[in-house]
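For reference, the chains in residue letters:
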Amino acid sequence: MNKPEKNKWVQLCFVFRKKYVFVRYEDGMGNKVKTPGKEYRSVNLPLLASVRIDLRIDAYLTQMLDANPRQRMTQYGMKDIPLAIFLDLELEAPLKSLVTRLWSIYNFSYWTDLFQETLKERSYQFIHDRKIPKRPTFELPFRIALAGTDAKNIRSQIEKWNWLRNDPNTREYGLQIIDNSYFKDPEYQNVDILITDYTSDDFYFRDDAAKAPRLIIFLGAYFSEMAVWHQRYPNSSVLLAHEWPHHGEHYFLKEFLYSIIHDYPLHEAVEFAIKRTEEPHFSPILFTSVEANQALRIVDGLDNFKKTVDQYARTINPGNLEQFIQKLLPAAGAKLGTAFTGSSQIGQYFSQMKGFGGDFGRESSGLVPLSNEIQYFRISQQPQLDRYMSELKALINTPDLFDNLRQAQERVVNATMDHLTDTLRYIPINRYQPLFSGGRYRLNIGIGQLSPESLMTGKVDSIDPLLPDPDDKDGHELEVVLFSKDFILTSKPRKMIKLPLLGGSTTAQFLLEIPEELETAQLRFGIFRKNYLLQAFLLEAAVGTYNNNNWQQPATTVRMDIATSAKYTNLDEVGERDLYIGLNAGNDGTHSLFVKDDTVVREVHGLNEGVLKDAQQTFSELLKVAYFDGGYLRFPLDVAEPNREAFYDQVRKFAKTGHTYYERLFTANDKEFKDTLKKVRESSNLSFQIARHEVNYSFPWPLIYDYYLVPPAAGNPEYPVCMGVPIDPNLYPVFQCADGEGCPHNPNLFTYCIEGFWGFRHRIEQLLTTADKAKDTVQSVAGSGKNVLYANNFSDPHSESLLAQLRADLPLQEVTHACNLMELLWSEASRPSSLVVFGHLETGTIAGEPDEPRILTFLRDTWPPDGGNLPLNKWLYHRLLINKIMQDDSWGSAPLPLVFLISCYNATMTVNSLNSLIEDFYTAGASAIVGTECDITPDLGAVFIREVLQSLYRDGKDLGEAIQNFNQNCFRSYNPLAFVFTCFGNSNLKIN
């Protein structure tokens, strides 16, 4: 992540076939051309057949030549960064050797002839591509071994460099010169660069990748020789320098080594050294691979050193020790305080090291201070840190103390951002200055303590110590997934981080660019465990120019957007999800759809608000028409024989509408996304998590129909409805189709299948925007010793029958006119395991009643005649709930009830009518909320409440399974009203 130019490469390969030669292509942006397509151009080259070049290669090569970064600032001014072009050919070994010799005559001229118009006046460097085994990341010091007749002279030249001669720390921790005799010891394995003029020596490392130098520089070899025997050193990059000393000096070698010390990749170091010296008669030739070309970067040495320090910082950073000790049991606090004795300055050191870097364009600001910092850490800091680590490990391996510490810690997500400078170094942004158009940034995300450079705002203020894990316990792997929205993401959108049971996580890093002509830019990122969203965050940044002055308020901020959990202490209990979908609003009035599963992360752009409103209105109308016909209930539940034809008609309407929206949202244009949709289509009982980043942007997800569907032509008969079982195809000969075009039960018959709906086949939960989820993710609610609180405001046979059954089956507490519902809910002693609100939602304006949607919590006719007007607190409505939350905070302890808001008899009911109440209960801490999507009658509401509560309390099923079973029972009973009820919150929730 500290090498922004590392993907600026291209691989070109001649592939010889019997009748023609073509060029194979690959680049650092992921573009590949493996075979020539239908559109290609041909070029005739001497001694070769006509060469075919796919026209895509010209476009890709141009794109890579123009790709950022294009320049870097050096001590000599701005310098173009050459595109690394790796060249190879696909032939049998003997013939390959012959053709490779031939290349020396043309000196890459074949390739310039092929792409002369594209390469004209561009910065690039040709490299001989070779396969080199991957090596561990480079660590300081540079170890340079010298061999050959001029070794002593070269050593004396290097030792004259003032910055090296005058600083012993740099000689030990920055750059070491190794004697030839020592280097030839077979036990010595840590050589980075071998410089020699021996072209025929059999060095001990020839066949040992672990012992081979990263780079061998041959000072006297010619290409014609190297083409035959350079394969004797298959594990190293090889540079043929063709340089003999001039007045005792190796000028090219000096400039090349200085370029390596200045953090250039090999090809750029070669190009820069040539420009700084008189070019020899035979140009230096580099043999390396894409990875090995970057394998001698001093920035890797810096990163590895900082990672070592960061490992300590993530495990023994004391934080605000005194405040944390107050949260522990007295004995545990005393032991922890003793273990951290004398640690007051450690946190400051860790903070300083986060920002430590270097300008590697000069030794005095790069390698020398880095070497001194490494020496200070190794001699002064590391022994002390190891002592703390040992004492804390012994302490934490005590099980009781470990459990106490784990529950008391409050790690939070921390986000910082770095800006890429013109020297290609990332430095922290000033969050009080706007970002700028065209700027390139790196977003860093981890879990632990907030850092001084943190962009976080709102309720994220952990200052707990970071402690090591016990020896026998492992943490968790989490995913950080970024949805770029307004930014341009130039790295992968999904990164894994390791979160220990105690202490801080590793860091996920994302590379970003800001497009032109933006005034503000947003992105979202989420923390996931197995597709289960734990927390989501919104980054918002003002976009300006370099000339903007500091703002009074931060110009770049990150705030929590959705939280299923505010802590990370019970991840073992968090369930898995198969698919995550997030619906989000953009700055330009359009919307994005975020889709994630185990393999795919996609952001679908360009959904306009009209699509969402149309879906909401269409769904409401479909349900209303299905439910009522001229004011009469179409599908009563107490009839002896259901109206099957009316049911089939509604299923067809649902399927057509659901498939239309499926095609609008999930048009797949790449194989990975198609494979994800195929897995969803071919599976049952998957768990979906839907995040509504804007509470009003609801969408009828249960209605989505993803089975193959080509509706019949206008005027033709409709297809039969499949009830999940095979149909005799002889009954419908005109509807027979090709294998696979039907549903799974009838693959050779066009049908509308009840199992094609997501709401029938899968379990769906929805999450709402709120940053106030105060505790761990709630997996279960304790039902033992806790009542089911029941509020009902009308009387009819269905509600009376329901009440009688609830009284018989459950520990029921009924809300009466004498009750204060808010007090019952906010008292830990009386808070129920479930709250059921079953009644009429009033939305009209009536004198003496709350002037907003409201539900009376008891039967109106039970209010005493002499009681006067109904007090406002006898109603359930948004303002009452939100004031209670502001006054007494969210529910801080168990139980966190499951809430049912089942509204009946409201002709103005829409999918958004209950949003305020649902969001309020979610903020209050409810483990989950179930609401209605349209106007319903008491018979359906009563059946739903009875069946779901029985599934939860009697059968021990989780909430998602209970709702799915209800939906399936409805359809199988020829009732189309299955998708009326929506679950907000954890669908894995159980009542214990």
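By the naming in an unreviewed UniProt entry, the protein is CHAT domain-containing protein, taken from Arcicella aquatica.

Visitor: I'm lost on the sheet that holds strand 22 (residues 488-489) in this one. Help?
Guide: Through backbone hydrogen bonds, the strands of a sheet pair up, either in parallel or in antiparallel fashion. The strand order across the open sheet formed by 5 strands is 17-16-19-24-22, and the pairing between neighbours is antiparallel. Two strands lie at the open edges of the sheet, namely strand 17 (426-428) and strand 22, each paired on one side alone.

Visitor: Even after reading the chapter, I still don't get the nonpolar core, so can you show me in this structure?
Guide: Among the nonpolar cores identified, the biggest contains 80 residues, and Ile195, Ile217 and Phe256 are the most heavily contacted of them. Broken down by element, this core gets its largest block of residues, 11 residues, from helix 16 (residues 367-396). Excluding anything up to four places from it in sequence, isoleucine 217 contacts Ile193, Leu194, Ile195, Thr196, Leu239, Ala241, Leu253 and Phe256. Counting 73 residues, the second-largest nonpolar core is a separate cluster that includes Phe735, Tyr790, Leu959 and Ile963.

Visitor: Hey, could you run me through the pattern of salt bridges in this one?
Guide: Close approach of charged atoms lets side chains of opposite charge pair. Within the structure shown, the criterion is met by 41 salt bridges. Taking the shortest distance from any N to any O, the salt bridge between aspartate 66 and arginine 70 comes out at 3.9 Å. The shortest N-O distance in the salt bridge between aspartate 706 and arginine 761 comes to 2.8 Å. Here aspartate 706, found in the loop between strand 33 (687-692) and strand 34 (721-722), pairs with arginine 761, found in helix 21 (residues 758-761); they are 55 residues apart in sequence, far enough to count as distant. Across the pair, exposure class does not vary: aspartate 706 and arginine 761 are buried alike. A single salt-bridge network, built from bridges that share partners, covers Glu5, Arg72, Lys79, Asp263, Glu268, Glu271, Lys275, Arg297 and Arg425.

Visitor: What is the right way to read the packing of helix 10 (residues 251-261) against helix 11 (residues 266-276) from this model?
Guide: The geometry of a pair of packed helices is captured by two quantities: the angle between their axes and the separation between those axes. The N-to-C vectors of helix 10 and helix 11 enclose an angle of 140°; their axes lie 8 Å apart at closest approach. Here helix 10 is positioned oblique relative to helix 11, judged by the angle of their axes. Crossing angle aside, the handedness with which helix 10 passes helix 11 is right-handed. Listed contacts from helix 11 to Phe252, Glu255, Phe256, Ser259 and Ile260 of helix 10 are Leu266, Ala269, Val270, Phe272, Ala273, Ile274 and Arg276.

Visitor: Would you mind going over helix 5 (residues 151-159) with me for this structure?
Guide: Quick reminder: α-helices carry 3.6 residues per turn. Residues three or four places apart thus point the same way. Within helix 5, burial applies to Ala151, Ile154, Gln157 and Ile158. Relative to the axis of helix 5, the buried residues are bounded by an arc of 125° and lie together on one face. Buried residues in helix 5 make contact with strand 10 (142-146), helix 6 (162-165), strand 11 (175-178), strand 12 (193-196) and helix 10.

Visitor: I tried to follow the packing of aromatic side chains on my own but got confused; where do I start?
Guide: Here a ring pair, both rings aromatic, is described through the centre-centre distance and the interplanar angle of the planes. By the definition in use, this model includes 50 aromatic pairs. With a centroid separation of 6.5 Å and 15° between ring planes, the pair formed by tryptophan 701 and tryptophan 758 is classed as stacked. Here tryptophan 758 lies in helix 21 and tryptophan 701 lies in the loop between strand 33 and strand 34, a separation of 57 residues in the sequence. In this pair, the class of tryptophan 701 matches that of tryptophan 758, namely buried. Ring-pair connections join several aromatic residues into one group, and the members of that group are Phe647, Tyr648, Phe654, Tyr705, Tyr707, Phe757, Phe760, Phe971, Tyr974 and Phe979.

Visitor: What should I look at first to understand the pairing of strand 25 (residues 520-529) in this one?
Guide: Across a regular strand the side chains alternate sides, sitting on one face of the sheet and then on the other. Taken across its 10 residues, strand 25 has 9 buried, putting it largely inside the fold. Alignment of strand 21 (residues 476-483) against strand 25, held across 5 bridges, turns out to be antiparallel. The residue bridging valine 481 from the neighbouring strand is glycine 526, located in strand 25. Of the pairings in the sheet, the one linking strand 25 to strand 26 (residues 532-544) comprises 10 bridges and is antiparallel in character. What sits directly across from arginine 529, in strand 26, is tyrosine 532.

Visitor: Teacher, can you tell me more about the side chain of glutamate 765 here?
Guide: Checked against the element boundaries, glutamate 765 lands in strand 36 (residues 763-768). Relative accessible area serves as the criterion here: at 0%, glutamate 765 is assigned to the buried category. Here glutamate 765 is in contact with Tyr532, Arg577, Phe688, Gln689, Ile690, Cys983, Gly985, Asn986 and Ser987, once residues within four sequence places are set aside.

Visitor: Please explain the side chain of arginine 440 as it appears in this structure.
Guide: For arginine 440, the location among the structural elements is in strand 19 (residues 440-448). Excluding residues within four positions of it along the chain, arginine 440 makes contact with Pro4, Asn68, Pro69, Asp418, His419, Leu420, Leu512 and Glu513.

Visitor: I would appreciate a short explanation of helix 22 (residues 797-809) in the present structure.
Guide: Here helix 22 spans 18 Å end to end across 13 residues, near enough to the 18 Å set by a 1.5 Å rise per residue. Among the residues of helix 22, those classed as buried are Ser799, Leu802, Leu803 and Leu806. Buried residues in helix 22, looked at end-on, bunch into an arc of 100°, giving them a common side. For helix 22, the exposed residues set more than 90 degrees away from the buried face come down to Pro797 and Ala808. Looking at the buried side of helix 22, the elements it contacts are strand 38 (788-792), strand 39 (812-814), strand 40 (834-842) and helix 26 (938-954).

Visitor: Sorry, what's going on with the packing of helix 15 (residues 346-354) against helix 16 here?
Guide: Packing of helix 15 against helix 16 leaves a shortest axis separation of 12 Å and a crossing angle of 140°. For the element pair helix 15 / helix 16, the angle class is oblique. At the point where helix 15 passes helix 16, the crossing takes the left-handed sense. Within the contact between the two elements, helix 15 uses Ile346, Tyr349, Phe350 and Met353 and helix 16 uses Glu373, Tyr376, Phe377, Gln381, Leu385 and Tyr388. A per-class count over the contact of helix 15 with helix 16 returns 8 nonpolar, 1 polar and 1 charged.

Visitor: Mind showing me how you'd approach the pairing of strand 12 here?
Guide: Burial of strand 12 is two-sided: the residues Ile193 and Ile195 facing one way and the residues Leu194 and Thr196 facing the other way are all buried. Strand direction decides the pairing type here: strand 10 and strand 12, joined by 3 bridges, are parallel. Its bridge partner being in strand 12, leucine 146 is matched across the sheet by isoleucine 195. Alignment of strand 12 against strand 13 (residues 215-218), held across 4 bridges, turns out to be parallel. When the bridges of strand 13 are listed, leucine 194 appears paired with isoleucine 216.

Visitor: Got a minute to help me understand unusual backbone geometry in this structure?
Guide: Generally, phi is negative for residues other than glycine and the peptide bonds are trans, each holding for most cases. In this model, asparagine 68 is joined to proline 69 through a cis peptide bond whose omega is -5°. Along the chain, the position of proline 69 falls in the loop between helix 1 (55-66) and strand 6 (71-74). In this chain, alanine 894 is followed by proline 895 through a cis amide linkage whose omega measures 0°. With respect to the secondary-structure elements, proline 895 resides in the loop between helix 24 (878-888) and strand 43 (898-904). With a phi angle near 65°, leucine 424 is a residue other than glycine that sits in the positive phi range. Of note, leucine 424 is situated in the loop between strand 16 (412-420) and strand 17. Looking at leucine 424, the relative accessible area reads 2%, which means it is buried. Within the chain, glutamate 517 stands out as a residue other than glycine whose phi angle is a positive 65°. Among the structural elements, glutamate 517 can be located in the loop between strand 24 (508-513) and strand 25.

Visitor: What exactly am I supposed to notice about the environment of lysine 79 here?
Guide: Secondary-structure assignment places lysine 79 in strand 7 (residues 77-80). A C-alpha to C-alpha distance of 9.9 Å links lysine 79 and threonine 423, two positions 344 residues apart in sequence. The contact partners of lysine 79, leaving out residues within four places of it in the chain, are Arg70, Gln71, Arg72, Thr74, Tyr264, Glu268, Glu271 and Phe272. At 2.9 Å, the side chain of lysine 79 forms a polar contact with the side chain of glutamate 268.

Visitor: Would you mind going over the environment of alanine 555 with me for this structure?
Guide: In this structure, alanine 555 sits in the loop between strand 26 and strand 27 (556-563). For the pair alanine 555 and glycine 544, spaced 11 residues apart in sequence, the C-alpha to C-alpha distance is 9.8 Å. Apart from the residues within four sequence positions on either side, alanine 555 is in contact with Arg431, Tyr432, Gln433, Pro434, Glu540, Ala541 and Ala542.

Definitions and limits used
- Residues numbered from 1 in each chain as written.
- Predicted model: local features only at pLDDT ≥ 70, side-chain atom pairs only at ≥ 80, totals over all residues.
- Heavy atoms only, no water.
- Pairing = 2+ DSSP bridges.
- Helix = DSSP H or I, 4+ residues; strand = E, 2+ residues; numbered from the N terminus.
- Core = buried A, V, L, I, M, F, W, Y, C linked by side-chain atoms within 4.5 Å.
- Buried < 20%, exposed > 50% of the residue type's maximum accessible area, 1.4 Å probe, protein only.
- Contact = heavy atoms within 4.5 Å.
- Salt bridge = Lys/Arg side-chain N within 4 Å of Asp/Glu carboxyl O.
- Axes fitted to C-alpha atoms, helices over the stretch in contact; angles between N-to-C directions.
- Parallel < 35°, antiparallel > 145°, perpendicular 65-115°, else oblique.
- Left-handed = near helix turned anticlockwise from the far one by under 90°.
- Arc of directions from axis to C-beta.
- Phe/Tyr/Trp six-rings, centres within 6.5 Å; stacked < 30°, edge-to-face > 60°.
- Expected span 1.5 Å × (residues − 1).
- Nonpolar A, V, L, I, M, F, W, Y, C, P; charged D, E, K, R; others polar.
- Polar contact = N/O pair within 3.5 Å; in protein donor to acceptor, adjacent residues only side chain to side chain.

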